[in-house]
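# Breakdown of the fold
Below, each chain spelled out in residue letters.
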Amino acid sequence: MGAAGEHDDAAERGTIVTPSAELPPLGTEERAALSRIGERWREPRDPDELPVDPTLGRSGRPPRPTRFGRFAPIEMFTVEEPGELVATEPAHLPGSRAGRLLSRARRTLFGPPLSSASVLYERMRKLVALPVLSSDLLSSVAYGPEAMLGVLVLAGSAALGLSLPLAALLVMLMVAVGLSYRQTIPAYPHGAGSYIVAGDNLGRTPGLAAAAGLMLDYVLTVSVSVAAGVHAVTSALPGLTPLTVPLGVLVIAVLLAGNLRGVRTAGNLFVLPTYAFVVAVLAVLVVGYARAAGRGFAPVPPPPVPAVEGLGLLLVLRAFSSGAVSMTGIEAVSNAVPAFRRTEWRNARTTLGWMVAMLVTLFAGLVGLIHLDGLVPRSGETLLSQLGRVTFPSGPWYAFLQATTALILLLAANTAFNDFPRLLFFMARDGHTPRRFLHMGDRLAFSNGLIALSVTAAVVFVAFGGHTERLIPLYAVGVFLAFTLSQAGMVVHWRRHRGPGWHRRLALNAVGATLSALVLVTAAVAKFSEGAWVVVVAVPLLVLLFRRIHRHYATLHRALALHPPAPSGPTASAEREELPQEVRHLVVVPVARLNRASLRALAYAASLGQPTLAVHIAPEEVEADRFREQWQAWGDHLRLETIVSPYRAVIGPLAHYLEALHTTRPELTLTVIVPEVVLRRRWHRPLHSGVEQRLRTALRALPGVVVTTVPVHVAE
């Protein structure tokens, strides 16, 4: 099957990200059960006979503001078609003054809300998607070569010559993995590449392991990028070094605010810094190689550096895996295919090709120029900064290079802000993460996922003190785990779907999987004691967590799934009744004292026409007798049960009494009607006991018990 055909099949399966994902459709079996339940449904009255016009028509009196209502008579709903109302923008405004002020502040900061229909327009064209999704990948060349040379220099200056063959191997790895992901995009055009590919072809556990690796990669992307960006700023302005941690947290907060404005708006905000960085580095390469050509490309001898470790295979492998962090972010496009304009997979594949070409050019060019200029890593100044000083000893270009480097490093985290919430969306759709990650915010961004990423990354950044060298050892393991599983999954995919040219595609993915696995094992072993053990331990723990979440949702689905109705016996549970004629009621009204609130609750209960029982909790026998006299004076219209609580507790005795009633007759549905006084001013609430809220909390845990409130509003 060709790429376009596979894309069409994926689209037919409904893989496009939409706000409706929070409300999945019923399955075939549940629809059949629903029809059978409906056939037995007997409503005592005509469902169309309502005391109000549900279409909010203009017949009769129009809605008017009340003391507790809105500030003006606004039409908040419009009739779209018969039987359907559409909430207009004013309907989303909170009713309280504080809520409206907060809503205005949110709109000022993040922009006005976008309608669900705008999800098709909140996408990026290629010229915007390239800098947005490549900022992580391209920014890694600012610290990837330095991470590799930082390991080689441990063996002395003579070992720095190995940087060129290692860089050549890394370029081969970049090209192989890049081409592999170019094949993944049309085969899986719905995004969340590694998670979906590994899950579909290798099984659920490998898919969850790939997702765990990606999630750790995204969190570390934010932490490392911000740490590297802040380091670039403090290299140019050493006086800001004591403020490293506060500056990093501030940058994460700014990135969060920018991304909460929506995909398209955030993309427009982060376009120029990436292109400016590419221009600055290309200028360094052009001028640097021109200067090297003037001396016949003769390398400058590096300054002598004493060896602190012996040059061995393990050190070389450590240097190779450290340089491989320059590839982090290469999977970003395959995870964010739905964020592109149509045709999504074709635009995504073209963008990935540009990204890999730019990465290879910048990485190989920088490593070669660093070798020609004889530079070595040193504390207090990055290699890119040293290269800029040598290339541009005067003029504004060095300042421009440092400024753009700091900007792209700070904004490189935006790639994670694009992909991490989307990955959580797909995992939540499968029931492996909380379903709140399915929700799209006011600006059609996955707000909950963005907040989760920001908080986690900020915690990691603060915990490691904002030091890049402490975070990088954690970096390669998670991302190359995802690379390996994704490419291995594609090998299985091509063996199953033997379309035209599948042998060539399988071989390419096999090469990518092998090289990625080599880097994964090397990084895990060589950097285990440096911090990689954290990722090695975290991945299985996350997989276990995902499986437990899935088990909970599976249990919940079985409990709530529709099934054909079965006759209910005398011992059937009240919570299994799905037909109105099978529901047996007992209405219980807790009454503390006879006042307007309790009488209104009793009147409401009696109006339902069901058996009703009033319950009074008395602290002593004298008060119980006095309450029964008052009840007789009222007329003794309902059955009263008085419970004496000699230890003065109210919630416990009532909850246990209702539980005993339910145990006696489990087929009964106990409807507890609680009178509640609603206070307008919040500062009045501490003046009251709040027994109603505590009672509702205690009763909510009882099966077969329905708790409802009859409010009485106090105007002052």
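These figures come from a predicted structure and were not determined experimentally.

### Quick word on the environment of Leu 387
Secondary-structure assignment places Leu 387 in helix H15 (residues 383–391). Leu 387 sits 102 residues away from Leu 285 along the chain, and the two C-alpha atoms are 9.6 Å apart.

### Focus: the confidence of the model for the protein
The share of residues in the protein with pLDDT of 70 or more is 82%, and the mean pLDDT across the chain is 80. Long-range and interchain partners of residues 1–15, a stretch whose pLDDT sits below 50, account for 25 contacts in this model, where long-range means more than four residues apart. With pLDDT under 50 throughout, residues 67–74 is counted as low confidence; its partners more than four residues away or in other chains account for 17 contacts.

### Focus: the side chain of Ser 194
Mapped onto the elements, Ser 194 comes out in helix H7 (residues 193–202). Of note is the side chain of Ser 194, whose polar atom sits 3.2 Å from the side chain of Tyr 181. Within the local environment of Ser 194, its side chain forms a polar contact with the backbone oxygen of Ala 482, the two atoms lying 3.5 Å apart. Discounting residues that sit within four places of it in the chain, Ser 194 has contacts with Tyr 181, Gly 199, Ala 210, Leu 214, Asn 335, Ala 482 and Ser 486.

### Section: a positive patch on the surface
A surface patch of positive charge is lined by Arg 204, Arg 547, Arg 548 and Arg 551. In this structure Arg 551 comes out as exposed when scored by relative accessible area, which is 52%.

### As for the sheet that holds strand E3 (residues 584–590)
Overall, parallel pairing links the 5 strands, which are arranged E5-E4-E3-E6-E7 in an open sheet. Because the sheet does not close on itself, it has two edges, and the strands there are strand E5 (639–644) and strand E7 (705–714). Adjacent strand axes in the sheet meet at a mean angle of 25° when their direction is disregarded. Pairing between E3 and strand E6 (residues 668–679): 5 bridges, direction parallel. Following the sheet pairing, Val 588 is matched in E6 by Val 672. Of the strands in this sheet, E3, E6 and E7 are in contact with helix H26 (residues 691–700), which crosses E6 at around 160°.

### What about the nonpolar core?
One finds Val 222 and Phe 480 to be the most contacted residues of the largest nonpolar core, which totals 152 residues. Take this core: its biggest share by element is 18 residues, from helix H8 (residues 204–236).

### Focus on the pairing of E5
Across 6 bridges, strand E4 (residues 612–618) lies against E5 in parallel orientation. Within E5, the residue paired with Ala 618 across the bridge is Val 644. Note that the unit made of E4, helix H24 (residues 621–634) and E5 has a crossover that is right-handed.

### Brief notes about H8
Here H8 contains 33 residues, and its C-alpha end-to-end distance of 48 Å stays within 8% of the 48 Å for a straight helix at 1.5 Å per residue. Counting buried positions along H8 yields 27 of 33 residues, so the element is predominantly enclosed.

Rules of the game
Residues numbered from 1 in each chain as written. Predicted model: local features only at pLDDT ≥ 70, side-chain atom pairs only at ≥ 80, totals over all residues. Heavy atoms only, no water. Helix = DSSP H or I, 4+ residues; strand = E, 2+ residues; numbered from the N terminus. pLDDT = per-residue confidence, 0-100. Contact = heavy atoms within 4.5 Å. Polar contact = N/O pair within 3.5 Å; in protein donor to acceptor, adjacent residues only side chain to side chain. Patch = residues over 30% accessible without salt bridge, like charges linked within 9 Å, V, L, I, M, F, W, Y side chains within 5 Å. Areas by Shrake-Rupley, 256 points an atom, 1.4 Å probe, with all protein chains shown as cover. Salt bridge = Lys/Arg side-chain N within 4 Å of Asp/Glu carboxyl O. Lys, Arg positive; Asp, Glu negative; His and termini not counted. Charge placed at Lys NZ, Arg CZ, Asp CG, Glu CD. Buried < 20%, exposed > 50% of the residue type's maximum accessible area, 1.4 Å probe, protein only. Pairing = 2+ DSSP bridges. Axes fitted to C-alpha atoms, helices over the stretch in contact; angles between N-to-C directions. Core = buried A, V, L, I, M, F, W, Y, C linked by side-chain atoms within 4.5 Å. Right-handed = clockwise from strand over helix to strand, strands pointing away. Expected span 1.5 Å × (residues − 1).

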